[in-house]
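Residues per chain are reported as follows:
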Amino acid sequence: MATALRPTELYPALAQVQPSLAELGPGAAPMSVPAGTVLFSENTPCQGFPLVLGGEIKVSRSSGDGRALELYRVVPGELCLVSSSCLFRSQPLSAHGITTQASTLMLIAPDIFRRWLETPAFRNEVLGLFAERMADLTSLIDAVAFHKLDRRLAAALLGHGQQRKVTHQTLADELGTVREIVTRLLRRFEREGWVTLGREQIQIVDGAALRALGN
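Residue indices follow the written sequence of each chain, beginning from 1 at its first position. Given that this is a predicted model, residues contribute local features only at a pLDDT of at least 70 and side-chain atom pairs are listed and counted only at 80 or more, while totals for whole chains, interfaces and linings are drawn from all residues. The side-chain figures draw on all heavy atoms in the structure; neither hydrogens nor water molecules are used.

Asks: I keep staring at the nonpolar core and nothing clicks. Help me out?
Replies: Within soluble globular proteins, side chains that are nonpolar tend to cluster in buried spots. In terms of nonpolar packing, the biggest core is built from 34 residues, with Leu 51, Val 59, Ile 108 and Phe 122 touching the most fellow members. Note on contacts: a residue pair is in contact if any heavy atoms of the two residues lie within 4.5 Å. In this view, Phe 122 contacts Ala 13, Leu 14, Val 17, Phe 113, Trp 116 and Leu 117; residues no more than four positions away in its chain are not counted. By size, the runner-up hydrophobic cluster in this structure holds 21 residues, among which are Val 166, Phe 189, Ile 204 and Leu 210. In this text, buried Ala, Val, Leu, Ile, Met, Phe, Trp, Tyr and Cys residues form a nonpolar core when linked through side-chain atoms within 4.5 Å. Burial classification: accessible surface area is computed with a 1.4 Å probe over protein chains only, and a residue below 20% of its type maximum counts as buried, one above 50% as exposed, and the rest as partly exposed.

Asks: What should I look at first to understand the side chain of Thr 99 in this one?
Replies: Helix and strand definitions follow DSSP, with helices as H or I runs of at least four residues and strands as E runs of at least two, each counted in order from the N terminus. One can find Thr 99 in strand S6 (residues 96-99). Here a polar contact is recorded for every N or O atom pair within 3.5 Å, except that within protein the pair must consist of a potential hydrogen donor and a potential acceptor, and residues adjacent in sequence are included only if both atoms are side-chain atoms. Only 2.8 Å separates the side chain of Thr 99 from the backbone oxygen of Pro 34, close enough to count as a polar contact. A distance of 3.0 Å separates the side chain of Thr 99 from the backbone nitrogen of Thr 37, its partner in a polar contact.

Asks: Sorry, what's going on with the sheet that holds strand S5 (residues 68-74) here?
Replies: By definition, the strands of a sheet pair up through backbone hydrogen bonds, in either a parallel or an antiparallel sense. Spatial strand order, S2-S6-S4-S5: 4 strands in an open sheet with antiparallel pairing. Looking at the sheet topology across the chains shown, the edges are occupied by strand S2 (38-40) and S5. Across the sheet, the mean angle separating the axes of adjacent strands is 30° when strand polarity is ignored. Note: strand S4 (residues 57-62) against S6, 4 bridges, orientation antiparallel. Bridging from a neighbouring strand, Ser 60 pairs with His 96 of S6. Think of it this way: DSSP has to see at least two bridges between two strands before they count as a pair. Note on method: axes are straight lines fitted to C-alpha atoms, helices fitted across the in-contact stretch only, with angles between N-to-C directions ranging 0 to 180 degrees.

Asks: What's the story with the pattern of salt bridges in this structure? I'm lost.
Replies: Pairs can form between side chains of opposite charge whenever their charged atoms are close. Salt bridges, as used here, are contacts in which a Lys or Arg side-chain nitrogen is within 4 Å of a carboxyl oxygen on Asp or Glu. Counted by the stated rule, this structure contains 4 salt bridges. For Arg 179, the salt bridge goes to Glu 180, with nearest N and O atoms at 3.4 Å. Taking relative accessible area as the criterion, Arg 179 reaches 38% and is therefore assigned partly exposed.

All quantities given are derived from atomic positions and should not be read as evidence of function.
This is the structure:
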């Protein structure tokens, strides 16, 4: 079992919230769970806000074909973006969380979490960690949507001569993504001088650069 620290050691702002942890009594008692425990699931209501005292939670999002993409992991002293956004907006959860190792955590009831947000120190701590987690997700999106997809797009443009008559939507369908991302990448290729974009056609200007990216 992972060693658990005191809640206020990991989340200092908890020393100022009302109602206090002591006032919550058994309702906020730490619980220990084994590795592989599903703490929350996609498209279900958020049952509470998890504060990790020991161990680790992996948060992932599933696709329709059964694949899963890991979004981030929550370790002691960090907050779960999916849970907080769900509570902020009163919407179902957009991902699922599972413990990767034996873990200890507190599950704070939604109404208590909202009351705690009235405490400036706790609210600032939540928003600060929220911003850090958003930065992590932005990096993930960049890696998934651009660093890999740009290579696939470059490869898709080659082998059709110097000019390919195709819409951005058709390319998006071929690559299994959305048109907006394909358009952004094509505009980047155009800025680099690799292609020239026209109406439903793409002129290859620097095939060597596209081949280098696609390999």
